Amino acid sequence: MSRTFVMVKPDGVERGLIGEIVARFECKGFKIKEAKLMQIERSLAETHYGEHKERPFFGDLVDFITSGPVFAMVLEGKDAVKNARSLIGKTNPADAEPGTIRGDLAMDVSSNIIHGSDSDESAEREIKLFFQ
Ligand code: DAT
Ligand code: MG
């Protein structure tokens, strides 16, 4: 068993998709170990997305992720990072397969409704950032 960090982004919360998204992870077999609705401070957003700070979309990304509440979760399961990323789908919802969360529920790369850690190291770093 391993852990991953997942969060429903402000667009997913605003659209009332927390229940739908949580249900998909529960149906897959993940256990929810921690969960909270929270507002992300700018400094936390900049740290969380630090790997992207030189990218042209960084400012918009930080604006977006701090634009309203997110629903942050720690999920536990077998190969948690990999299994969660496969449920989530490709970064750009236009490329995400139907059946994935982004493929079914989003259309635009800049509002792709959900975040999932991309490695075990990122997962542990992000869990610490969001849940101390
Ligand atoms: P992921 O969220 O699939 O791990 P990422 O880490 O490469 O993707 O990027 C983080 C977020 O940044 C992504 O969910 C949406 C945004 N983003 C990525 N590429 C983008 C682009 N080309 N234009 C606008 N936003 C982008
Ligand atoms: Mg990423």
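Residues numbered from 1 in each chain as written. Chains lettered and ligands numbered in written order. Predicted model: local features only at pLDDT ≥ 70, side-chain atom pairs only at ≥ 80, totals over all residues. Heavy atoms only, no water.

Labelled according to an unreviewed UniProt entry, the protein appears under the name Nucleoside diphosphate kinase, originating from Paenibacillus protaetiae. The UniProt entry for the protein carries the following text under Subcellular location (unreviewed entry): "Cytoplasm". Per UniProt, the protein has the following entry under Cofactor (unreviewed entry): "Mg(2+)". (UniProt positions renumbered as here; feature names shortened; annotations may be inferred.)

K.L.:
What exactly am I supposed to notice about the packing of helix H2 (residues 18–28) against helix H5 (residues 80–88) here?
P.N.:
Packed helix pairs are characterised by how far apart their axes lie and by the angle those axes make with each other. Viewed as axis vectors pointing N to C, H2 and H5 meet at an angle of 130°, and their least axial separation amounts to 11 Å. The angle between H2 and H5 places the two elements in the oblique class. Crossing handedness for the pair H2 and H5: right-handed. On H5, the residues touching Arg 24, Phe 25 and Lys 28 of H2 are Asn 83, Ala 84, Leu 87 and Ile 88. When its residues are assigned to classes, the contact of H2 with H5 shows 4 nonpolar, 1 polar and 2 charged. (Axes fitted to C-alpha atoms, helices over the stretch in contact; angles between N-to-C directions. Helix = DSSP H or I, 4+ residues; strand = E, 2+ residues; numbered from the N terminus. Parallel < 35°, antiparallel > 145°, perpendicular 65-115°, else oblique. Left-handed = near helix turned anticlockwise from the far one by under 90°. Contact = heavy atoms within 4.5 Å. Nonpolar A, V, L, I, M, F, W, Y, C, P; charged D, E, K, R; others polar.)

K.L.:
It is not clear to me how H2 should be interpreted in this structure. Could you clarify?
P.N.:
Counting along an α-helix, one turn takes 3.6 residues, and residues three or four places apart therefore face a common direction. Of all the positions in H2, only Ile 21, Val 22 and Phe 25 are classed as buried. All buried residues of H2 lie within an arc of 95° about the axis, which places them on one face of the element. Contact partners of the buried residues in H2: strand S1 (2–8), strand S2 (31–38), strand S3 (70–77), H5, helix H6 (101–105) and strand S4 (114–116). After H2 finishes, the residue Gly 29 shows a positive phi value of roughly 120°. (Buried < 20%, exposed > 50% of the residue type's maximum accessible area, 1.4 Å probe, protein only. Arc of directions from axis to C-beta.)

K.L.:
What should I look at first to understand the sheet that holds S1 in this one?
P.N.:
Where strands meet in a sheet, backbone hydrogen bonds hold them as pairs that are either parallel or antiparallel. Taken in spatial order, the 4 strands make up an open sheet running S2-S3-S1-S4, and their pairing is antiparallel. On the outer flanks of this sheet lie S2 and S4, each paired with one strand and no other. Adjacent strand axes in the sheet meet at a mean angle of 15°, parallel and antiparallel pairs treated alike. With 3 bridges joining them, S1 and S4 adopt antiparallel strand pairing. Within the sheet, the bridge partner assigned to Val 6 lies in S4 and is Gly 116. Those strands touched by H5 are S1, S3 and S4, and its axis lies near 30° from that of S1. (Pairing = 2+ DSSP bridges.)

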